[in-house]
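One letter stands for each residue in the lines below.
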Amino acid sequence: MVSGKHKSHTLRKVFVKTPGGRTTVQYKRRKPQHTRCSCGTKLLGVPRDIPGRIKKLSKSEKKPSRPYGGNLCSSCMRKQIKAKIEASL
Amino acid sequence: MIEIGRLCVKLAGRDAGNKCVIVEVLDKNFVMIDGNVRRRKCNTIHLLPLKDKIEIKDKATHEDVAATFKKLKLEVWETKAKESKERPRKLRKGKTPEEKEAQKKSKKQKTAKPEIKKEVEKVVEKAAVQEEKLEDAIEKELPKEKVEIKEEKTTVKKKATKKKAVKKD
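Thresholds applied
- Residues numbered from 1 in each chain as written.
- Chains lettered and ligands numbered in written order.
- Predicted model: local features only at pLDDT ≥ 70, side-chain atom pairs only at ≥ 80, totals over all residues.
- Helix = DSSP H or I, 4+ residues; strand = E, 2+ residues; numbered from the N terminus.
- Buried ≥ 20, exposed ≤ 12 C-beta atoms within 10 Å, placed from the backbone.
- Pairing = 2+ DSSP bridges.
- Core = buried A, V, L, I, M, F, W, Y, C linked by C-beta atoms within 7 Å.
- Contact = placed C-beta atoms within 7 Å.
- Expected span 1.5 Å × (residues − 1).
- Arc of directions from axis to C-beta.
- Axes fitted to C-alpha atoms, helices over the stretch in contact; angles between N-to-C directions.

A. Seen up close, the overall build of chain B. In terms of regular secondary structure, chain B is built from four helices and five strands. Reading chain B from its N end, one meets helices and strands in the order β-β-β-β-β-α-α-α-α. Taken over 169 residues, chain B has a buried fraction of 15%.

B. Quick look at the overall build of chain A. Counting its secondary structure elements, chain A contains three helices and two strands. Put simply, chain A runs from its N terminus to its C terminus through helices and strands in the order β-β-α-α-α. With 89 residues in all, chain A has 7% of them scored as buried.

C. Spatial organisation of the pairing of strand S1 (residues 6-10) of chain B. Residues and elements named next belong to chain B. Burial of S1 is extensive: five of the five residues sit out of reach of the surface. Summarising the sheet, S1 and strand S5 (residues 47-53) pair through four bridges and their orientation is antiparallel. From the neighbouring strand, Arg 6 faces S5, where its bridge partner is Lys 53. Bridge count between S1 and strand S2 (residues 19-25): three bridges; the pairing is antiparallel.

D. Summary view of the environment of Lys 19 of chain B. Take Lys 19 of chain B: it is sitting in strand S2. Sequence separation between Lys 19 of chain B and Cys 8 of chain B is 11 residues; the distance between their C-alpha atoms is 5.7 Å.

E. Focus on the nonpolar core. Ranked by internal contacts, the top residues of the largest apolar core, which has 20 residues, are Cys 8, Val 21, Ile 22, Val 23 and Ile 33 of chain B. Residue assignment for this core shows that the elements contributing at least two residues are helix H3 (74-88) of chain A together with S1, S2, strand S3 (30-35) and helix H1 (62-71) of chain B. For this core, the element with the most residues is S2 of chain B, which contributes four residues. Sequence-distant contacts of Val 21 of chain B, that is, excluding residues within four places in its chain, are made with Gly 5, Arg 6, Leu 7, Ile 33, Asp 34, Gly 35, Ile 54, Ile 56 and Val 65 of chain B.

F. Examining H3 of chain A more closely. Residue and element names in this part refer to chain A. The terminal C-alpha atoms of H3, which comprises 15 residues, lie 21 Å apart, in line with the 21 Å expected from a rise of 1.5 Å per residue. Taken as a whole, H3 has its buried residues at Ser 74, Met 77, Arg 78 and Ile 81. Each buried residue of H3 sits inside an arc of 100° when the element is viewed along its axis, so together they form one side. Projecting away from the buried face of H3 at angles above 90 degrees are the exposed residues Ala 83, Glu 86 and Ala 87.

G. Spatial organisation of the pairing of strand S4 (residues 40-43) of chain B. Residues and elements named next belong to chain B. Two strands pair when backbone bridges link them, and S3 and S4 are joined in this way by four bridges, in the antiparallel orientation. Of the residues in S4, the one forming a bridge with Val 31 is Cys 42. In sequence, S3 turns back onto S4 through a hairpin of four residues.

H. Spotlight on the sheet that holds S5 of chain B. Residues and elements named next belong to chain B. Strands sit in the order S4-S3-S2-S1-S5 across an open sheet of five strands; the sheet is antiparallel. Each edge of the open sheet carries a strand with a single partner, namely S4 and S5. This sheet shows a mean twist of 50° between the axes of neighbouring strands, independent of strand direction. The pairing of S2 with S3 spans five bridges and is classified as antiparallel. For Val 21, the partnering residue across the bridge sits in S3 and is Asp 34. Packing of H1 onto the sheet brings it into contact with S2 and S3, and relative to S3 it is tilted by some 60°.

Rendered as C-alpha coordinates:
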(Lines give C-alpha, C1' and ligand atoms only; values in the text may rest on other atoms or scores of the structure.)
Protein backbone atom coordinates (compact mmCIF):
# COMPACT_ATOMS: atom_id res chain seq x y z
CA MET A 1 0.00 0.00 0.00
CA VAL A 2 1.30 3.42 -0.88
CA SER A 3 2.04 5.59 2.11
CA GLY A 4 0.02 8.77 2.53
CA LYS A 5 2.69 11.27 1.53
CA HIS A 6 3.13 9.61 -1.84
CA LYS A 7 -0.54 9.87 -2.86
CA SER A 8 -0.64 13.63 -3.36
CA HIS A 9 1.68 13.80 -6.43
CA THR A 10 3.95 16.41 -4.84
CA LEU A 11 6.80 14.04 -5.63
CA ARG A 12 7.22 12.50 -9.05
CA LYS A 13 7.59 8.80 -9.62
CA VAL A 14 10.79 7.46 -11.16
CA PHE A 15 10.91 3.82 -12.18
CA VAL A 16 14.35 2.32 -11.64
CA LYS A 17 15.49 -1.11 -12.73
CA THR A 18 17.47 -2.83 -9.97
CA PRO A 19 20.46 -5.11 -10.58
CA GLY A 20 18.24 -8.09 -9.67
CA GLY A 21 15.86 -7.30 -12.53
CA ARG A 22 12.99 -5.86 -10.51
CA THR A 23 11.57 -2.43 -11.25
CA THR A 24 11.12 -0.27 -8.18
CA VAL A 25 9.60 3.15 -7.68
CA GLN A 26 11.62 6.06 -6.37
CA TYR A 27 9.95 9.32 -5.40
CA LYS A 28 11.86 12.44 -6.39
CA ARG A 29 11.38 16.17 -6.14
CA ARG A 30 9.77 17.92 -9.11
CA LYS A 31 11.77 20.42 -11.19
CA PRO A 32 10.64 24.06 -11.12
CA GLN A 33 8.96 25.79 -14.07
CA HIS A 34 10.93 27.11 -17.04
CA THR A 35 12.28 30.61 -16.63
CA ARG A 36 10.49 32.88 -19.07
CA CYS A 37 10.99 36.29 -20.64
CA SER A 38 8.39 38.99 -20.05
CA CYS A 39 7.15 38.32 -23.60
CA GLY A 40 6.37 34.74 -22.58
CA THR A 41 9.05 32.76 -24.43
CA LYS A 42 11.17 30.22 -22.61
CA LEU A 43 14.67 31.48 -21.90
CA LEU A 44 17.43 29.52 -23.56
CA GLY A 45 20.76 28.97 -21.89
CA VAL A 46 19.20 28.89 -18.43
CA PRO A 47 19.24 25.47 -16.73
CA ARG A 48 16.02 24.01 -15.33
CA ASP A 49 16.78 22.09 -12.17
CA ILE A 50 16.28 22.19 -8.41
CA PRO A 51 18.16 25.11 -6.82
CA GLY A 52 20.66 22.96 -4.96
CA ARG A 53 21.99 21.48 -8.19
CA ILE A 54 22.07 24.83 -10.00
CA LYS A 55 24.22 26.17 -7.18
CA LYS A 56 26.93 23.69 -8.12
CA LEU A 57 27.17 24.97 -11.73
CA SER A 58 29.74 27.50 -12.86
CA LYS A 59 28.84 31.14 -13.42
CA SER A 60 28.79 30.86 -17.20
CA GLU A 61 26.55 27.79 -17.10
CA LYS A 62 23.79 29.57 -15.18
CA LYS A 63 22.86 32.29 -17.66
CA PRO A 64 23.93 33.89 -20.97
CA SER A 65 26.77 36.41 -20.55
CA ARG A 66 25.05 39.25 -22.45
CA PRO A 67 23.37 42.22 -20.74
CA TYR A 68 19.98 41.24 -19.27
CA GLY A 69 21.08 37.59 -19.68
CA GLY A 70 18.76 35.29 -17.77
CA ASN A 71 16.04 37.95 -17.54
CA LEU A 72 15.14 38.91 -21.11
CA CYS A 73 15.22 36.97 -24.36
CA SER A 74 17.69 38.25 -26.97
CA SER A 75 15.08 39.97 -29.16
CA CYS A 76 13.51 41.78 -26.18
CA MET A 77 16.98 42.88 -25.05
CA ARG A 78 17.68 44.38 -28.51
CA LYS A 79 14.38 46.23 -28.45
CA GLN A 80 15.15 47.59 -24.99
CA ILE A 81 18.61 48.82 -25.99
CA LYS A 82 17.22 50.46 -29.15
CA ALA A 83 14.48 52.17 -27.11
CA LYS A 84 17.01 53.47 -24.58
CA ILE A 85 19.29 54.94 -27.24
CA GLU A 86 16.44 56.57 -29.13
CA ALA A 87 15.18 58.10 -25.89
CA SER A 88 18.65 59.53 -25.12
CA LEU A 89 18.88 61.08 -28.60
CA MET B 1 24.63 54.43 -43.40
CA ILE B 2 27.11 51.53 -43.28
CA GLU B 3 30.49 53.10 -44.10
CA ILE B 4 33.96 53.50 -42.61
CA GLY B 5 33.99 55.74 -39.54
CA ARG B 6 30.29 55.36 -38.70
CA LEU B 7 29.58 55.16 -34.97
CA CYS B 8 27.28 52.28 -34.05
CA VAL B 9 25.83 50.54 -31.01
CA LYS B 10 26.19 46.81 -30.84
CA LEU B 11 22.89 45.01 -30.29
CA ALA B 12 23.88 41.37 -29.92
CA GLY B 13 26.21 39.33 -27.78
CA ARG B 14 28.14 40.12 -24.65
CA ASP B 15 29.22 43.55 -25.99
CA ALA B 16 25.56 44.55 -26.57
CA GLY B 17 24.81 48.18 -25.68
CA ASN B 18 28.42 49.33 -26.24
CA LYS B 19 29.53 51.88 -28.81
CA CYS B 20 31.79 50.92 -31.70
CA VAL B 21 33.04 52.23 -35.03
CA ILE B 22 33.16 50.58 -38.44
CA VAL B 23 36.78 50.10 -39.49
CA GLU B 24 36.35 48.12 -42.70
CA VAL B 25 33.47 47.06 -44.93
CA LEU B 26 34.08 43.43 -45.80
CA ASP B 27 30.94 42.46 -47.61
CA LYS B 28 27.32 43.32 -48.36
CA ASN B 29 26.44 42.00 -44.89
CA PHE B 30 29.63 42.06 -42.84
CA VAL B 31 31.85 44.80 -41.43
CA MET B 32 34.89 45.00 -39.16
CA ILE B 33 34.26 46.87 -35.91
CA ASP B 34 36.42 48.25 -33.10
CA GLY B 35 36.08 50.56 -30.12
CA ASN B 36 34.36 49.67 -26.86
CA VAL B 37 33.92 46.11 -28.17
CA ARG B 38 36.23 43.26 -29.02
CA ARG B 39 37.68 43.95 -32.51
CA ARG B 40 35.82 41.54 -34.75
CA LYS B 41 33.78 40.81 -37.84
CA CYS B 42 30.12 41.66 -37.34
CA ASN B 43 26.85 41.35 -39.23
CA THR B 44 25.20 44.68 -39.96
CA ILE B 45 21.93 43.31 -38.53
CA HIS B 46 23.63 43.31 -35.11
CA LEU B 47 24.52 47.03 -35.33
CA LEU B 48 22.45 50.14 -34.74
CA PRO B 49 24.08 52.99 -36.73
CA LEU B 50 24.11 56.42 -35.07
CA LYS B 51 24.13 59.93 -36.61
CA ASP B 52 27.78 60.66 -35.73
CA LYS B 53 30.74 59.83 -37.92
CA ILE B 54 34.46 59.76 -37.01
CA GLU B 55 37.38 60.46 -39.32
CA ILE B 56 39.33 57.22 -39.41
CA LYS B 57 41.63 55.60 -41.96
CA ASP B 58 40.57 52.53 -43.89
CA LYS B 59 41.58 49.43 -41.87
CA ALA B 60 42.67 51.54 -38.89
CA THR B 61 44.48 49.71 -36.08
CA HIS B 62 43.09 49.33 -32.57
CA GLU B 63 45.58 51.93 -31.26
CA ASP B 64 44.33 54.60 -33.70
CA VAL B 65 40.71 53.85 -32.82
CA ALA B 66 41.53 53.93 -29.08
CA ALA B 67 43.23 57.34 -29.47
CA THR B 68 40.25 58.86 -31.32
CA PHE B 69 37.79 57.36 -28.83
CA LYS B 70 39.72 58.86 -25.92
CA LYS B 71 39.59 62.31 -27.59
CA LEU B 72 35.79 61.97 -27.79
CA LYS B 73 35.70 60.79 -24.13
CA LEU B 74 34.29 57.40 -25.01
CA GLU B 75 35.23 54.17 -23.29
CA VAL B 76 37.62 51.73 -24.99
CA TRP B 77 37.67 47.95 -24.69
CA GLU B 78 41.07 46.81 -23.57
CA THR B 79 42.01 43.22 -22.97
CA LYS B 80 44.45 42.70 -20.14
CA ALA B 81 46.84 39.79 -20.12
CA LYS B 82 46.62 37.78 -16.93
CA GLU B 83 49.49 38.25 -14.53
CA SER B 84 51.12 34.97 -13.69
CA LYS B 85 51.17 34.45 -9.95
CA GLU B 86 53.68 32.36 -8.09
CA ARG B 87 52.30 29.05 -7.00
CA PRO B 88 52.04 28.83 -3.22
CA ARG B 89 54.24 26.05 -1.95
CA LYS B 90 54.05 24.48 1.47
CA LEU B 91 57.18 24.70 3.59
CA ARG B 92 57.86 21.97 6.08
CA LYS B 93 58.18 23.05 9.67
CA GLY B 94 61.68 23.96 10.90
CA LYS B 95 63.50 23.22 7.65
CA THR B 96 64.44 26.23 5.55
CA PRO B 97 66.38 25.57 2.30
CA GLU B 98 69.63 26.72 3.96
CA GLU B 99 69.21 24.20 6.74
CA LYS B 100 68.53 21.45 4.19
CA GLU B 101 71.81 22.19 2.37
CA ALA B 102 73.72 22.09 5.64
CA GLN B 103 72.13 18.73 6.41
CA LYS B 104 73.17 17.34 3.02
CA LYS B 105 76.78 18.43 3.55
CA SER B 106 76.96 16.80 6.95
CA LYS B 107 75.56 13.57 5.48
CA LYS B 108 78.27 13.48 2.81
CA GLN B 109 81.01 13.91 5.42
CA LYS B 110 79.55 11.05 7.44
CA THR B 111 79.47 8.70 4.45
CA ALA B 112 83.17 9.39 3.63
CA LYS B 113 84.37 7.91 6.97
CA PRO B 114 88.00 9.25 7.17
CA GLU B 115 89.04 6.88 10.03
CA ILE B 116 88.71 3.79 7.85
CA LYS B 117 90.77 5.45 5.11
CA LYS B 118 93.59 6.10 7.58
CA GLU B 119 93.55 2.46 8.70
CA VAL B 120 93.73 1.26 5.11
CA GLU B 121 96.74 3.53 4.46
CA LYS B 122 98.51 2.17 7.54
CA VAL B 123 98.01 -1.41 6.36
CA VAL B 124 99.34 -0.54 2.90
CA GLU B 125 102.43 1.10 4.38
CA LYS B 126 103.13 -1.93 6.57
CA ALA B 127 102.85 -4.21 3.56
CA ALA B 128 105.28 -2.05 1.59
CA VAL B 129 107.82 -2.12 4.43
CA GLN B 130 107.56 -5.91 4.67
CA GLU B 131 108.11 -6.30 0.91
CA GLU B 132 111.25 -4.18 1.07
CA LYS B 133 112.58 -6.31 3.92
CA LEU B 134 111.89 -9.51 1.99
CA GLU B 135 113.59 -8.18 -1.13
CA ASP B 136 116.66 -7.26 0.86
CA ALA B 137 116.76 -10.75 2.37
CA ILE B 138 116.44 -12.36 -1.10
CA GLU B 139 119.26 -10.22 -2.50
CA LYS B 140 121.51 -11.30 0.35
CA GLU B 141 120.75 -15.02 -0.06
CA LEU B 142 120.56 -15.46 -3.86
CA PRO B 143 123.24 -14.75 -6.51
CA LYS B 144 122.73 -11.67 -8.72
CA GLU B 145 121.69 -13.47 -11.96
CA LYS B 146 118.67 -15.18 -10.37
CA VAL B 147 117.51 -11.92 -8.85
CA GLU B 148 117.54 -10.30 -12.30
CA ILE B 149 115.35 -13.09 -13.69
CA LYS B 150 112.92 -12.68 -10.81
CA GLU B 151 112.74 -8.97 -11.41
CA GLU B 152 111.89 -9.57 -15.07
CA LYS B 153 109.09 -11.90 -14.08
CA THR B 154 107.73 -9.38 -11.65
CA THR B 155 107.73 -6.68 -14.35
CA VAL B 156 105.81 -9.00 -16.71
CA LYS B 157 103.29 -9.66 -13.96
CA LYS B 158 102.90 -5.97 -13.27
CA LYS B 159 102.18 -5.32 -16.95
CA ALA B 160 99.50 -8.03 -16.94
CA THR B 161 97.87 -6.55 -13.88
CA LYS B 162 97.87 -3.11 -15.48
CA LYS B 163 96.08 -4.46 -18.57
CA LYS B 164 93.45 -6.09 -16.39
CA ALA B 165 92.91 -2.84 -14.56
CA VAL B 166 92.40 -1.00 -17.87
CA LYS B 167 89.82 -3.58 -18.94
CA LYS B 168 87.97 -3.18 -15.67
CA ASP B 169 87.88 0.57 -16.15
